[in-house]
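Residues per chain, in single letters:
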Amino acid sequence: GTFMNGNEASDKDLVRRTLAGDAQALATLHRRYYARIYRLALFRCRSTADAEDIAAETFVRAIDHLPGYRFQGESLLPWLSRIATNLATDQQRRRSTAPMLSYDQKTADDIRALLETLESDSPDPHSLAERQETRELLRAAIAKLPNEQADAILMRFGGDLPLVEIAAALGRSEGAIKSLIHRGLVNLRKSLATHAEEIGVTETLRHATTSTETVKPKRQHGYIEL
């Protein structure tokens, strides 16, 4: 979890020591949060290389702005998450071309598993998003969500943040965050169901969406344009 047990330094203490020039404290913060920031970036970026760039730049930006930072809670993670999502959004704007994706049976199975996972209370897209094809599909679906829904979902399932910290990061109430995550998952499921239908993953999806308004992706030589 985000909150440290007794023998570990708090984020506040580590930030204070970092600002006093303690490189070891900074290294501890980096070690504590890099993996989660990288994972969160993966759901916003087109490649692992892009996610690595975003994660690295997040810490550079954080260090630059650390002197003026004021804690909202106990953890630095909501703020780092916010920096990462902003950087990834900027990167997306600079690269607006849509990739062409091909799907194989493994990707179809991953999508089916992902849709089933989204039905439960605790989605775990991390393991399902190990393959680039699946991650790209998920990233493209998340990119279509309204910004706040996307941010809330990314922070919850990409960054593992508790609701109270997502609320602090986005400046909303916990109730509003619950609602954003719920609506985001509904929209994400509809979007994924549409793509799954295109590649023949239909038997588990009959109840997924009744919407006929969703625009079908263009098909070109076995590829789907997202």
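Up top is the structure.
Below: a short report on this structure. The model shown is predicted, which means the values in this text are computed figures rather than measured ones.

Reading the values: rules and limits
Residues numbered from 1 in each chain as written. Predicted model: local features only at pLDDT ≥ 70, side-chain atom pairs only at ≥ 80, totals over all residues. Heavy atoms only, no water. Salt bridge = Lys/Arg side-chain N within 4 Å of Asp/Glu carboxyl O. Helix = DSSP H or I, 4+ residues; strand = E, 2+ residues; numbered from the N terminus. Buried < 20%, exposed > 50% of the residue type's maximum accessible area, 1.4 Å probe, protein only. Phe/Tyr/Trp six-rings, centres within 6.5 Å; stacked < 30°, edge-to-face > 60°. Arc of directions from axis to C-beta. Contact = heavy atoms within 4.5 Å. Core = buried A, V, L, I, M, F, W, Y, C linked by side-chain atoms within 4.5 Å. Polar contact = N/O pair within 3.5 Å; in protein donor to acceptor, adjacent residues only side chain to side chain. Axes fitted to C-alpha atoms, helices over the stretch in contact; angles between N-to-C directions. Parallel < 35°, antiparallel > 145°, perpendicular 65-115°, else oblique. Nonpolar A, V, L, I, M, F, W, Y, C, P; charged D, E, K, R; others polar.

## Overview of the pattern of salt bridges
Phase 1 of the analysis: Scanning the entire structure with this criterion turns up 9 salt bridges.
Phase 2 of the analysis: Here Glu-74 and Lys-12 are joined by a salt bridge, their closest N and O atoms 3.8 Å apart. In this pair, Glu-74 sits in the loop between helix 3 (48-65) and helix 4 (77-94) while Lys-12 sits in helix 1 (residues 11-19), placing the two residues 62 residues apart along the sequence.
Phase 3 of the analysis: Relative accessible area serves as the criterion here: at 42%, Glu-74 is assigned to the partly exposed category.
Phase 4 of the analysis: Judged by relative accessible area, which is 38%, Lys-12 ranks as partly exposed.
Phase 5 of the analysis: Where Asp-13 meets Arg-17, a salt bridge forms, and the shortest distance between an N and an O atom there is 3.4 Å.

## Some points on the packing of aromatic side chains
Phase 1 of the analysis: Under the criterion given, the structure shown has 4 aromatic pairs.
Phase 2 of the analysis: Summarising the aromatic geometry, the rings of Tyr-34 and Tyr-38 are spaced 6.3 Å apart at their centres and angled 10° between planes, so their arrangement reads as stacked. Taken together, the residues span about one helical turn, with Tyr-34 and Tyr-38 both in helix 2 (residues 23-42) at a distance of 4 residues.
Phase 3 of the analysis: By relative accessible area, which is 24% here, Tyr-34 ends up partly exposed.
Phase 4 of the analysis: Centroid distance Tyr-69 to Phe-71: 5.0 Å. Interplanar angle 70°. Geometry classified as edge-to-face.
Phase 5 of the analysis: Judged by its relative accessible area of 22%, Phe-71 falls in the partly exposed class.
Phase 6 of the analysis: An aromatic cluster is present here, built from Tyr-34, Tyr-38 and Phe-59 joined pairwise through their rings.

## Some remarks on the environment of Lys-178
Phase 1 of the analysis: Take Lys-178: it is sitting in helix 10 (residues 174-198).
Phase 2 of the analysis: Between the alpha carbons of Lys-178 and Ile-166 there is a distance of 9.8 Å; along the sequence they are 12 residues apart.

## A closer look at helix 1
Phase 1 of the analysis: Every buried residue of helix 1 is accounted for by Asp-11, Leu-14, Val-15 and Thr-18. Down the axis of helix 1, the smallest arc covering the buried residues is 100°, so these residues share one side.
Phase 2 of the analysis: Where helix 1 is buried, its residues meet helix 2 and helix 4.
Phase 3 of the analysis: Two residues or fewer after helix 1 comes Gly-21, characterised by a positive phi angle close to 95°.

## Quick word on the nonpolar core
Phase 1 of the analysis: Residues Leu-76, Ile-166 and Leu-188 are the most contacted members of the largest nonpolar core, which totals 50 residues.
Phase 2 of the analysis: Those elements that provide at least two residues to this core are helix 1, helix 2, helix 3, helix 4, helix 7 (132-143), helix 8 (147-158), helix 9 (163-170) and helix 10.
Phase 3 of the analysis: Here this core gets 8 residues from one element, more than from any other, and that element is helix 2.
Phase 4 of the analysis: What Ile-166 contacts, discounting residues up to four positions off in sequence, is Ala-152, Met-155, Arg-156, Leu-161, Ile-177 and Ile-181.

## Some details on the side chain of Ser-75
Phase 1 of the analysis: Along the chain, Ser-75 turns up in the loop between helix 3 and helix 4.
Phase 2 of the analysis: In this structure Ser-75 comes out as buried when scored by relative accessible area, which is 4%.
Phase 3 of the analysis: In this structure the side chain of Ser-75 is engaged in a polar contact, spanning 3.3 Å, whose partner is the side chain of Tyr-33.
Phase 4 of the analysis: At 2.9 Å, the side chain of Ser-75 and the backbone nitrogen of Leu-77 are in polar contact.

## A word on the packing of helix 1 against helix 2
Phase 1 of the analysis: Between helix 1 and helix 2, the least distance of the axes is 8 Å, while the angle of their chain directions is 140°. With respect to each other, helix 1 and helix 2 are oriented oblique. The segment helix 1 lies against helix 2, with Asp-11, Leu-14, Val-15, Arg-17 and Thr-18 engaging Ala-25, Leu-26, Thr-28, Leu-29, Arg-32 and Tyr-33.
Phase 2 of the analysis: Residue classes in the contact of helix 1 with helix 2 are distributed as 6 nonpolar, 2 polar and 3 charged.

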